[in-house]
Amino acid sequence: MADTQLLLGLSFALFALGLVGVMVRRNALVMLMCMELMLNAVILALVTFSLETATLSGAVLVFLIFVVAAAEIAIAIPIVLQLSRQRSSLDVEGYDRLKG
Amino acid sequence: MNLLTVIVLLPLAGFLLNGLLGGRLGRTFVSVVGCGLPILAFLATIKAVTILQTAGPDAALLEVAYRWASFGDQGFDVAFYFDRLTAVMTLIITGVGSLIHVYSTGYMKDDPGYARYFAYLNLFLFFMLTLVLGRSLLVCFVGWEGVGLASYLLIGFWFEDPAKAAAGKKAFITNRVGDAGFLLGLFLLYWALGTLNMDEINAAFAGPVAPAVSASLVGLLLFIGATGKSAQIPLHVWLPDAMAGPTPVSALIHAATMVTAGVYLVARLHGIYEHAPEASQIVAVIGVLTAFFAATIALVQTDIKKVLAYSTVSQLGLMFLALGVGAYGVAVFHVYTHAFFKACLFLGAGSVIHALGGEQDIRRMGGLWRRIPITFGTFAVATAAIAGIPPLAGFFSKDEILWFALASEHGGSPFLWVLGSTASLLTSFYMFRLLWLTFLTPSRMSHDTEHHVHESPFSMTGVLVVLALLSAIGGFFQLPHFLEPLLPMPAVSESLEHYEHSFVFVAVAVAFLGLATAAFMYRGGLARGEALAARFPRLHRLLDGKYYVDELYQAVLYRPLHWLSDRVFLGLGDRLLIDGSLHGLAAITRRASGRLSRIENGQLQWYVAMAVIGVVGCLVWVWRNG
């Protein structure tokens, strides 16, 4: 029981860390990493709950999320790469050309 | 054989041929088609008249061309009806019409719009024949509107000149006012009687059971339509302006045929007017007032066509006077004689204008009798005819009108007779004034114009001679007697019965008095006339300004309507209410979106923060309410 609470607390802490990271950091690469962090925090919570309820579907879902995360990062990294080539900067504040 | 349908359709064929092919196939083709088909229609009319004559005095030919609309067991047929009244009108239209077509081949010879001109002229004949031959008022109305259209097209024939195009519009719009009355009368008749066939309407009003509609009201509404088409007060303003069209058009449409449509309508529906003494009274008074006032205006006009235009208005007034006192046959008699002498006068004026290279001001004419003798001779005969000099045509018809204006039991009165006779005197005076100033006084032409004066070609002078001949002898045909089986004469009041011959002498005296006065005033040129005008400057200005009726309409109708449209409908309604509300809505959206678009600042962090705030907000809401 204590383990579960510990794991959920860790998951929450990781999520909060990622969220704050995305919100305050200006570096696109760091923001991506923080987003990964949030994703992993959610996966941790998922696994924890699936242990708690002793069902396998939670564990299976984890792999699905891994695949999605990998695909997502495979697209995000080239975008960031292109951006940095254009401006030689990773600061997201410079990239506001699409604003309304 | 569908003779009547053929009569109507021949000019339409001419319109289509000339309108579609005339421009390509050359002038000879246009002349042959343009003149040939009306002449064929004239011959067909003569054939129809001979058939009618064998059928008896009050018989009628009836031909249903096709069923136009049917609903239930009722419907409207396009049917043609041919009795003696129609016969007279159709003969005038196709006969005088054909002559004027022939004349036009000379008059319009060098005009670039030659084919278009003949196409319009044929179109006019088609609609005019529809008007007089239609059995149903609805078919008649189609023709009625159609001649308005053709008149508009022909008045504005030289549409490059804005004044002429405006004259066309004025004629069309003024006629619309009258047409509103015509339509209302039509609705009322159909509502009350369930038929629009004119013979059935007459029969219904003559029948033992009075129709459930006031004859006076219907009569008045239809008369409003007639005032528009026949240029009676208060809708007379368009006819003088209509002189902007080519002169043969003025002769055909604005003198001989179209403007008499109102007279035809009232005569055709005499069954209504016989039972509508109030409406008849109004018709007579409007008619005599128009005759009188138009004659006074004609006294001071200096444009040869304007004098003739006001004289036409005046003569139409006399016709309505005859209608108003119940002498329908006499009115048609005057339509018939007037068609000859007024067409002759207009065509003569056209010949003068042609000879002088476009000059229309009689102050710069004079001495033309030696130079263009055929035009002078025919013009003189027609002038004497319209003035009422016996034994020319105008004398007979005018004398009878004035006699019935006094003696008819159906509303005749000394007042009508006095005004009518005065109008007749003025007519004689201004017509001889025109004759003297144009032909007889010493020449006042510029040297340049004088050098070019030439007699018109045979196509024009030949027509003039024929028309002058008809103006001379046309009166011997006793048309009212011929029409009496259809259009009975009003009873003559007994106290006057024996004085008819004395009134003939009065009428003759009046005509010669006008002749003598005009000869005295204008024999020596303009001097005496101008001296008289200088002695009564205000009266002269009033007449010269045509009683300021145009100005009155400008002030009373045009300006308030313009103000209303400009300020209320355009300013308040369109700009403020409709545009304003739409612009207001757009401004609100624009301002709101301006505020909202500040959120979209392009900063990822800001977007994330908004998303987080949103998610947190959702969670809080679920937690509070869930």
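Coordinates for the structure precede this section.
For clarity, every value in this text was computed on a predicted model and none was experimentally measured.

Looking at this structure, I do not really get the overall build of chain A. What am I missing?
The helix and strand tally for chain A stands at three helices and zero strands. Walking chain A from its N terminus toward its C terminus, one meets helices and strands in the order α-α-α. If you line up chain A on its principal axes, its C-alpha atoms span 50 × 25 × 25 Å. Across the 100 residues in chain A, those meeting the buried criterion constitute 8%.

Explanation requested: helix α2 (residues 84–107) of chain B in the structure shown.
Each α-helix turn comprises 3.6 residues. Residues three or four places apart therefore point the same way. Between its first and last C-alpha, α2(B) extends 33 Å over 24 residues, near the 34 Å set by a 1.5 Å rise per residue. With respect to burial, α2(B) is a largely interior element, 22 of its 24 residues being buried.

Quick question: what am I supposed to make of the nonpolar core here?
A general tendency of soluble globular proteins is for nonpolar side chains to be buried together. Core analysis: the biggest nonpolar cluster contains 205 residues, and F124(B), L321(B), A322(B), A331(B), V332(B) and A343(B) have the highest contact counts within it. Here the element with the most residues in this core is helix α14 (residues 328–355) of chain B; it accounts for 18 residues. Listed in part, the five residues of the second largest apolar core include V22(A), A28(A), M31(A) and C34(A).

Help me understand the environment of I46(B) in this model?
Residues and elements named next belong to chain B. You can see I46 is positioned in helix α1 (residues 3–55). Residue classification places I46 among the partly exposed positions, given that 15 C-beta atoms sit within 10 Å. In this structure the C-alpha to C-alpha distance between I46 and Q603, which are 557 residues apart in sequence, comes to 96 Å.

Sorry if this is basic, but what is going on with unusual backbone geometry here?
Peptide bonds are mostly trans, and most non-glycine residues show a negative phi. Residues and elements named next belong to chain B. The omega torsion across I233 and P234 is 5°, close enough to zero to call that bond cis. Position of P234 among the secondary structure elements: in the loop between α7 (215–229) and α8 (238–241). In the segment running from P390 into P391, the intervening peptide bond is cis, with an omega of 5°. Mapping P391 onto the fold places it in the loop between α16 (373–387) and α17 (393–407). Residue A231 is not a glycine yet carries a positive backbone phi of 55°. With respect to the secondary-structure elements, A231 resides in the loop between α7 and α8. Its identity as a non-glycine residue notwithstanding, K546 has a phi of 55°, on the positive side. By the element assignment, K546 lies in the loop between α24 (537–544) and α25 (549–596).

About the thresholds
- Residues numbered from 1 in each chain as written.
- Chains lettered and ligands numbered in written order.
- Predicted model: local features only at pLDDT ≥ 70, side-chain atom pairs only at ≥ 80, totals over all residues.
- Helix = DSSP H or I, 4+ residues; strand = E, 2+ residues; numbered from the N terminus.
- Buried ≥ 20, exposed ≤ 12 C-beta atoms within 10 Å, placed from the backbone.
- Expected span 1.5 Å × (residues − 1).
- Core = buried A, V, L, I, M, F, W, Y, C linked by C-beta atoms within 7 Å.

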